[in-house]
Amino acid sequence: MPEPLGRLQARPGPQRRSFVSEILIRNAYHVATLSDSGERLSGVDILLRDGRIAALGPKLESKHPLPPGVERECIGAERCVVLPGLVNTHHHLFQTLQRNLPAVQDAKLFDWLLHLYDIWSFIDADVVYWSTLLGCAELLLTGCTTTSDHHYVFPADAPAELLDAQMDAVARIGIRFHTSRGSMSRGRSGGGLPPDSVVQNEDAILRDCERVIARFHDPSALAMRRVVLAPCSPFSVTESLMRDTRSLARRHALHCHTHLAETHDENAYCLERYGRRPLQLMQDLEWLGPDVWFAHGVFFAEEELDLLAQTRTGIAHCPTSNMRLGSGIAPLSAMLARGVAVGLGVDGSASNDTSDMLAEVRQALLLARVAGGADALDAETALRLATRGSARLLGRADEIGSLEVGKAADLVLFPLDRLDFAGALADPLAALLFAGLSHRVHTSIVNGRVVVRDGRLAGIDAAEIGRRANTLSFRMLRQAGRAPEFGAPDW
Ligand SMILES: [Zn+2]
């Protein structure tokens, strides 16, 4: 048994601060509200109080004097563009430890999965904890303030409470989080793709879903953690588990999520095994509706897009992953033209191989233009997909995704006083996508708390996350007999 690695030492961190303080964002160079009216403002302030946006406008200090007993932190934004925090709708944080593996750098999805399942059979609580910190750190540093995660690998000899380690990590780092209790129940012996060592029986899955809901789901306004139920894919779960999961989610008013229509291989598998295309299968299992969103949707036919729009079923568009695995180009413009609910997702880091959220928005913009021409997607619409669109998929449209009084105090400041933005500031918002060498925020605020300050994680030792992640990554490769001849770095 390897020694447990321990966890980050408790230090004064963002989650330890209470709501007795206010934050005033002062004199912003440019504010993109991404509200319905699309209002853009210059030289304004934003006052944050009790986890919400309390006021937005010029000279707020004189209009909102400090109440007695309240501290107010002022953050100068005169060199920044301010926008609502980005929202990530698809990730597999555990994969951050298996990115860029030489053996599958050039593999397509099914071959890529077959290689990785063996390594993932060594997932334990330390892997979940440190990979969650690593992926969430990257997300926060690149503009994301709310993320979902789709954890679907629960090896037979891993502790039952894997998601508990994940929830420790997200509380530590301060991101708004929707955890998915994922699942795989159809192993190779049952005609599925994954080996039997990483699938669970259906009773155990449903019991742990109940446990995770009771322990972690918070339905209240401004909740920092919610639970989603998310069987992995049509080629790794049974129809009965899909049905039972959906019923359980309905009983608790939870959202449901899975992968769908990602590759030609998946289509072929569904036609052979179920005699139906993937979306038809989902319809028959009652897996359509505003409380369901699918990752990818690369291979939907036109009438299937109509069905998605009619049922208000959501799609997490993951352009980098689709390009990286050579899966194809999702019909984004056709989805938007029909009013399909679309958000953005970076997807797991083994198929991206980064959790760079702003880069994902740029990829969406560029890929849409490859498919449909220069006017297929404009910069502000791309950013709306990553904010308003993604918030809708998670059922949080009333709370996050735009800068409006009463909405959550989730916002990001990107610095514009860098060489790579010089000459690009006639449109400071679009500059984020068209120019810029780095996607790093200056400040990130989640739920009224500063989680990135001056470009660094607040109260978090980023170097330690890197060390632990490398140690665990090499440990898993050794366990699977796939480590390189050289050892793990010692920095
Ligand atoms: Zn995925």
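Cut-offs applied
Residues numbered from 1 in each chain as written. Predicted model: local features only at pLDDT ≥ 70, side-chain atom pairs only at ≥ 80, totals over all residues. Domains from an automatic or database assignment. Contact = placed C-beta atoms within 7 Å. Helix = DSSP H or I, 4+ residues; strand = E, 2+ residues; numbered from the N terminus. Nonpolar A, V, L, I, M, F, W, Y, C, P; charged D, E, K, R; others polar. Pairing = 2+ DSSP bridges. Axes fitted to C-alpha atoms, helices over the stretch in contact; angles between N-to-C directions. Core = buried A, V, L, I, M, F, W, Y, C linked by C-beta atoms within 7 Å. Buried ≥ 20, exposed ≤ 12 C-beta atoms within 10 Å, placed from the backbone. Right-handed = clockwise from strand over helix to strand, strands pointing away. Expected span 1.5 Å × (residues − 1). Bend = angle between axes of the 7 residues up to and from the residue.

## So, the domain arrangement of the protein chain
So, step 1. For the protein chain, the assigned domains read domain 1 (14–84 + 411–457) and domain 2 (86–393).
So, step 2. The C-alpha-based centres of domain 1 and domain 2 are spaced at 30 Å.
So, step 3. Each partner contributes residues to the interface: domain 1 has 23 residues there, and domain 2 has 26 residues.
So, step 4. Those elements that provide at least two residues to the side of domain 1 that touches domain 2 are β7 (80–84), β16 (411–415), α14 (428–434), β17 (443–446) and β18 (449–453).
So, step 5. Taken together, the residues of the side of domain 1 that touches domain 2 break down into 16 nonpolar, 5 polar and 2 charged.

## Digging into unusual backbone geometry
So, step 1. Residues N352 and D353 are joined by a peptide bond in cis, for which omega reads 5°.
So, step 2. Along the polypeptide, D353 turns up in the loop between β15 (341–344) and α12 (357–372).
So, step 3. The phi dihedral of D50 falls on the positive side, at around 55°, and the residue is not glycine.
So, step 4. On the secondary structure map, D50 appears in the loop between β4 (44–49) and β5 (52–57).
So, step 5. In this structure, E286 takes a positive phi of about 60° despite not being glycine.

## Concerning the sheet that holds β16
So, step 1. What the 7 strands build is an open sheet, ordered β3-β2-β7-β16-β17-β18-β19; its pairing is mixed. The sheet terminates laterally at β3 (40–41) and β19 (456–457), the two strands that pair on one side only.
So, step 2. Where β18 and β19 come together, 2 bridges link them in antiparallel fashion. Bridge pairing in β19 links R453 to R456.
So, step 3. Strands β17, β18 and β19 of the sheet are contacted by helix α3 (residues 125–141), whose axis makes an angle of about 90° with β18.

## Digging into the nonpolar core
So, step 1. Core analysis: the largest hydrophobic core is formed by 141 residues, its most contacted members being V82, A137 and L140.
So, step 2. Broken down by element, this core gets its largest block of residues, 11 residues, from α3.
So, step 3. Split by domain, this core shows at least three residues from each of two domains, domain 1 (14–84 + 411–457) and domain 2 (86–393).
So, step 4. Ignoring any residue separated from it by four or fewer positions in sequence, one finds V82 in contact with I25, A28, V31, I46, A77, L411 and L413.

## Structural notes on the pairing of strand β11 (residues 225–231)
For a regular strand, the rule is simple: side chains alternate between the two faces of the sheet.
So, step 1. Burial runs high along β11: 6 of the 7 residues are buried.
So, step 2. For the crossover from strand β10 (residues 176–183) across helix α5 (residues 202–216) to β11, the handedness is right-handed.

## With respect to helix α13 (residues 379–393)
So, step 1. The end-to-end C-alpha distance of α13 is 20 Å, a good match for the 21 Å that 15 residues give at a rise of 1.5 Å each.
So, step 2. The largest bend along α13 measures about 40° and falls at L385.
So, step 3. Of all 15 residues that make up α13, 12 are buried, and the element is covered over most of its length.
So, step 4. Buried within α13 we find A382, L383, R384, L385, A386, T387, R388, G389, S390, A391, R392 and L393.
So, step 5. Looking one or two residues beyond α13, the residue adopting positive phi is G395, at roughly 75°.

## Considering the sheet that holds strand β1 (residues 21–28)
So, step 1. Sheet architecture is open: 4 strands sit in the order β5-β4-β1-β6, paired in mixed fashion. The strands lining the two open edges of the sheet, one partner per strand, are β5 and β6 (71–76). Adjacent strand axes in the sheet meet at a mean angle of 20°, parallel and antiparallel pairs treated alike.
So, step 2. Here β1 runs beside β6; their pairing, made up of 6 bridges, is parallel. Among the inter-strand pairings, S21 is bridged to a residue of β6, identified as E71.

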